[in-house]
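# Report on the structure
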Amino acid sequence: MASRGSDEANGTYKVNEIAPDDLDDIEIDGVKSNTKSDFSKKVEQIIKKKMKEEYKKLFTEFPKFLAEKESNPEKIEQDKIKREAAKVAVQ
């Protein structure tokens, strides 16, 4: 989960219902820490409260990032060179 100085919290959580067309359906479930302390309880609360919004942001921004990367003229040219080199290597 998190680590900061002498405070540590290790554990797991589950993400359910990831549908790109309806990000409001994302569910954060089963938040559990391996150790019980005031710090781990705070971490669990933060994950339950904030993680859904973080995933929504990630899944909203990632397609834009990917589209920008894939439409980058420099990358397109590099990919073309790689394809041509692979063609030559096969022949």
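Structure report, in brief. (Residues numbered from 1 in each chain as written. Predicted model: local features only at pLDDT ≥ 70, side-chain atom pairs only at ≥ 80, totals over all residues. Heavy atoms only, no water.)

## Thoughts on the side chain of Lys56
This is how it is decided: Secondary structure counts use DSSP, requiring at least four H or I residues in a row for a helix and at least two E residues in a row for a strand, with both numbered from the N terminus. Exposure classes here rest on a 1.4 Å probe applied to the protein chains alone. A residue is buried below 20% of its type maximum, exposed above 50%, and partly exposed in between. Any N or O atom pair separated by 3.5 Å or less is treated as a polar contact, with the protein-specific requirement of one donor-capable and one acceptor-capable atom, and with residues adjacent in sequence counted only for side-chain atom pairs. Note on definitions: a residue-residue contact is assigned when non-hydrogen atoms from the two residues lie within 4.5 Å.
You can see Lys56 is positioned in helix 1 (residues 38-70). Residue classification places Lys56 among the buried positions, given a relative accessible area of 19%. There is a polar contact of 2.6 Å between the side chain of Lys56 and the side chain of Asp24. Leaving out residues up to four positions away in the same chain, Lys56 has contacts with Leu23, Asp24 and Ile26.

## Things to note about the packing of aromatic side chains
How we decide: For this analysis, a ring pair means two rings from Phe, Tyr or Trp (six-membered ring only for Trp) whose centres lie within 6.5 Å, classed as stacked if their planes differ by under 30 degrees, edge-to-face if by over 60, and tilted for the remaining angles.
All told, the structure shown has three aromatic pairs when counted by the stated rule. On the basis of an interplanar angle of 70 degrees and a centroid distance of 6.5 Å, the ring pair of Tyr13 and Tyr55 is categorised as edge-to-face. With Tyr13 in strand 3 (residues 11-16) and Tyr55 in helix 1, this residue pair connects regions lying 42 residues apart in the sequence. Look at Tyr55 and you get buried, because its relative accessible area is 18%. Here the aromatic residues Tyr13, Tyr55 and Phe59 are joined through ring pairs into a cluster of three or more.

## Details of the nonpolar core
Among soluble globular proteins, nonpolar side chains are generally buried collectively. To be explicit about the condition: The set of buried Ala, Val, Leu, Ile, Met, Phe, Trp, Tyr and Cys residues whose side-chain atoms join them within 4.5 Å is what this entry labels a nonpolar core.
Core analysis: the largest hydrophobic core is formed by ten residues, namely Ala9, Leu23, Ile26, Ile28, Val31, Phe39, Val43, Ile47, Met51 and Tyr55. Elements with a contribution of two residues or more to this core: strand 4 (27-33) and helix 1. No other element matches the five residues that helix 1 contributes to this core.

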